Amino acid sequence: MNSTEMKQKNNFMRRAIELSKNNVVSLNGGPFGAVIVKDNVIVGEGWNKVTTNNDPTAHAEVEAIRQACQKLNTFNLEGCEIYTSCEPCPMCLSAVYWARIEKIYFANTKTDAAAIQFDDDFIYQEIPKSLDKRKIPMEAMLRDEALKVFQIWSSKIDKISY
């Protein structure tokens, strides 16, 4: 990577950090910001809006993904990169994978976040547990009825796969 490319990447990360700082200073939410870049242009920005929107899914990365998808008119962000002020939590990491973003750059680590009471380690530990060992009980029901919908989906030739 040449110095021009490195400078540009640093600028994208600085924008994510700036969004996180602006959010803290304005008292609008947590200290997290993210930008999504395609072809060296920012196509989406997001900052934590959990408390502002009363929405536990309104994390910076998810907000940036939503904005980028809307701007690009697609649910597939192949060819994009995300710059986030902190290593993504499990939900945001999953959203990045679902969006098919090709690379993640982050500043603060999940350990740094845990040090200020944003500890996602509990969720990371829950994921590999069997269903009966998880803190939130999970119970399967009406599978036969639900499988019929999956069969309809599977046989459709005009579906939009994702």
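Scroll up to find the structure.
Conventions and cut-offs
Residues numbered from 1 in each chain as written. Predicted model: local features only at pLDDT ≥ 70, side-chain atom pairs only at ≥ 80, totals over all residues. Heavy atoms only, no water. Core = buried A, V, L, I, M, F, W, Y, C linked by side-chain atoms within 4.5 Å. Buried < 20%, exposed > 50% of the residue type's maximum accessible area, 1.4 Å probe, protein only. Helix = DSSP H or I, 4+ residues; strand = E, 2+ residues; numbered from the N terminus. Contact = heavy atoms within 4.5 Å. Expected span 1.5 Å × (residues − 1). Pairing = 2+ DSSP bridges. Axes fitted to C-alpha atoms, helices over the stretch in contact; angles between N-to-C directions. Disulfide = S-S within 2.5 Å. Patch = residues over 30% accessible without salt bridge, like charges linked within 9 Å, V, L, I, M, F, W, Y side chains within 5 Å. Areas by Shrake-Rupley, 256 points an atom, 1.4 Å probe, with all protein chains shown as cover. Salt bridge = Lys/Arg side-chain N within 4 Å of Asp/Glu carboxyl O. 1 Å grid on protein atoms, 1.4 Å probe; cavity = no way out; pocket = protein on both sides within 12 Å on 5 of 7 lines; lining within 4 Å. Points joined across faces, edges and corners; volume = space filled by probe spheres on them. Nonpolar A, V, L, I, M, F, W, Y, C, P; charged D, E, K, R; others polar.

## Here's the deal with the nonpolar core
Counting 21 residues, the largest nonpolar core has Ile-36, Ile-65, Leu-77, Ile-82 and Ile-101 as its most contacted members. Of all the elements in the fold, those that place two or more residues in this core are strand E1 (33–38), helix H3 (60–72), strand E3 (80–86) and helix H4 (90–99). A per-element tally of this core places H3 first, with six residues. Leaving out residues up to four positions away in the same chain, Leu-77 has contacts with Ile-36, Ile-65, Ala-68, Cys-69, Leu-72, Ala-99, Arg-100 and Ile-101. Formed by eight residues, the second largest nonpolar core is a distinct cluster that contains Phe-12, Met-13, Ala-16 and Leu-19.

## Side note on helix H7 (residues 143–155)
Over its 13 residues, H7 runs 18 Å from end to end, which matches the ideal 18 Å to within 8%, given 1.5 Å per residue. Taking burial as the measure, the 13 residues of H7 include zero buried ones, a minor fraction of the element.

## Let's talk about the sheet that holds E3
Taken in spatial order, the four strands line up as E2-E1-E3-E4 in an open sheet, and their pairing is mixed. Looking at strand neighbours, the two that pair on one side only are strand E2 (41–47) and strand E4 (103–108), the edges of this open sheet. Sheet twist, expressed as the average angle between the axes of neighbouring strands with direction ignored, equals 15°. Sheet topology places E1 next to E3; five bridges connect them, and they run antiparallel. Looking at the pairing, Lys-38 lines up with Cys-80 of E3.

## Quick look at the state of the cysteines
A complete count under the given rule lists zero disulfides for this structure. Summary of cysteine pairing: Cys-89 is not part of a disulfide, and the nearest cysteine sulfur, belonging to Cys-92, is at 3.6 Å. On the basis of relative accessible area, Cys-89 is assigned to the buried category, the value being 9%.

## Some details on the side chain of Glu-63
Mapped onto the elements of the fold, Glu-63 is located in helix H3. Using a relative accessible area of 13% as the deciding quantity, one classes Glu-63 as buried. Once residues lying within four places of it in the same chain are set aside, the contact partners of Glu-63 are Glu-45, Gly-46, Trp-47, Lys-49 and Ala-58.

## Some words on the environment of Tyr-105
Structurally, the position occupied by Tyr-105 is in strand E4. On the basis of relative accessibility, which here comes to 17%, the residue Tyr-105 falls in the buried class. Along the sequence, Tyr-105 and Trp-153 sit 48 residues apart, while their C-alpha atoms lie 36 Å from each other. In contact with Tyr-105, not counting residues within four places along its chain, are Lys-9, Met-13, Glu-81, Ile-82, Tyr-83 and Thr-84.

## Describing a nonpolar patch on the surface
Taken together, Phe-75, Trp-98, Trp-153, Ile-160 and Tyr-162 make up a surface patch of nonpolar side chains, about 670 Å² in accessible area. Along the chain, Trp-98 falls in helix H4. By relative accessible area, Trp-98 is classed as exposed at 60%.

## Some thoughts on the layout of surface pockets
Reported here for the largest pocket is a volume of approximately 280 Å³. If you trace the largest pocket, you find 19 residues lining it, with Phe-32, Asn-48, His-59, Phe-118 and Asp-120 closest to the centre. If you list the elements that add at least two residues to the lining of the largest pocket, you get helix H2 (50–53), H3 and helix H5 (110–115). Looking at side-chain class alone, the lining of the largest pocket contains nine nonpolar, five polar and five charged residues. Of the volumes computed, that of the second largest pocket is approximately 200 Å³. Residue composition of the lining of the second largest pocket, by class: five nonpolar, no polar and two charged.

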